[in-house]
Amino acid sequence: ARQDSYNAEVPGGEFDPLDPNDPGYVGTIVIGETRNRYQIEPEFTFDLTERTQAGVAASYQAVRYESAAVQTHTDYDSVEGSGFLRWALDPRSDFTVGAYANRYETTDNTRETDAYGGLLGYQYRWSEVTGVGAEIFYEQNDTIDFLPITVEVITSGWGGAVSAYR
């Protein structure tokens, strides 16, 4: 999925109105365990016209945990491929439509997830290094957990993100 590593590492925003003093899940710190993350993300674009681009992108991520004691996280690999069309509305803004597919596997073969979806995005740039963007996407996830018994779960839904960069 597009946000798996982010959601796995950032505390959730749960709030229990029946027990407002309960902080909920606030993250986990494991002393003595280190994470090595390797990632590559090539992207290739082709100018179809002066205002239109077609592109493909790929992403490979490998995460490995090392611990002197009991390891509390699971190593995994994730591969994603996507294609998109981008239209320049003017020299500072563009609109993007695209589709993607993702495969997530734990290295101990306890979980596999196949995800695919589509997205719409808009970006505005004040300069070459400063801008803001927004995207909405629809995604379906097919997850199979193999332990203790094989369980397959299919989920889908809409999501979105707003980002600013400098």
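Quick note: structure is the one above.
Definitions and limits used
Residues numbered from 1 in each chain as written. Predicted model: local features only at pLDDT ≥ 70, side-chain atom pairs only at ≥ 80, totals over all residues. Heavy atoms only, no water. Helix = DSSP H or I, 4+ residues; strand = E, 2+ residues; numbered from the N terminus. Contact = heavy atoms within 4.5 Å. Areas by Shrake-Rupley, 256 points an atom, 1.4 Å probe, with all protein chains shown as cover. Buried < 20%, exposed > 50% of the residue type's maximum accessible area, 1.4 Å probe, protein only. Polar contact = N/O pair within 3.5 Å; in protein donor to acceptor, adjacent residues only side chain to side chain. Phe/Tyr/Trp six-rings, centres within 6.5 Å; stacked < 30°, edge-to-face > 60°.

Draft legend 1. Examining the overall build of the protein chain more closely. Along the backbone of the protein chain there are one helix and eight strands. Along the protein chain, from the amino end to the carboxyl end, the secondary structure elements read α-β-β-β-β-β-β-β-β. For the protein chain, the proportion of contacts with a sequence separation of at least 24, taken over those separated by at least 6, is 49%. When the accessible surface of the protein chain is split by element, carbon and sulfur atoms take 57% of a total near 11400 Å².

Draft legend 2. Fine view of the side chain of D94. Of note, D94 is situated in strand 5 (residues 93–106). By relative accessible area, which is 7% here, D94 ends up buried. At a separation of 2.8 Å, a polar atom in the side chain of D94 contacts the side chain of R125. What D94 contacts, discounting residues up to four positions off in sequence, is R86, W87, A88, L89, G121, Y122, Q123 and R125.

Draft legend 3. The arrangement of the packing of aromatic side chains in detail. Within the structure shown, the criterion is met by four aromatic pairs. Measuring from centroid to centroid gives 5.3 Å for Y124 and W126, while their planes differ by 80°, and the two rings are edge-to-face. Looking at Y124, the relative accessible area reads 25%, which means it is partly exposed.

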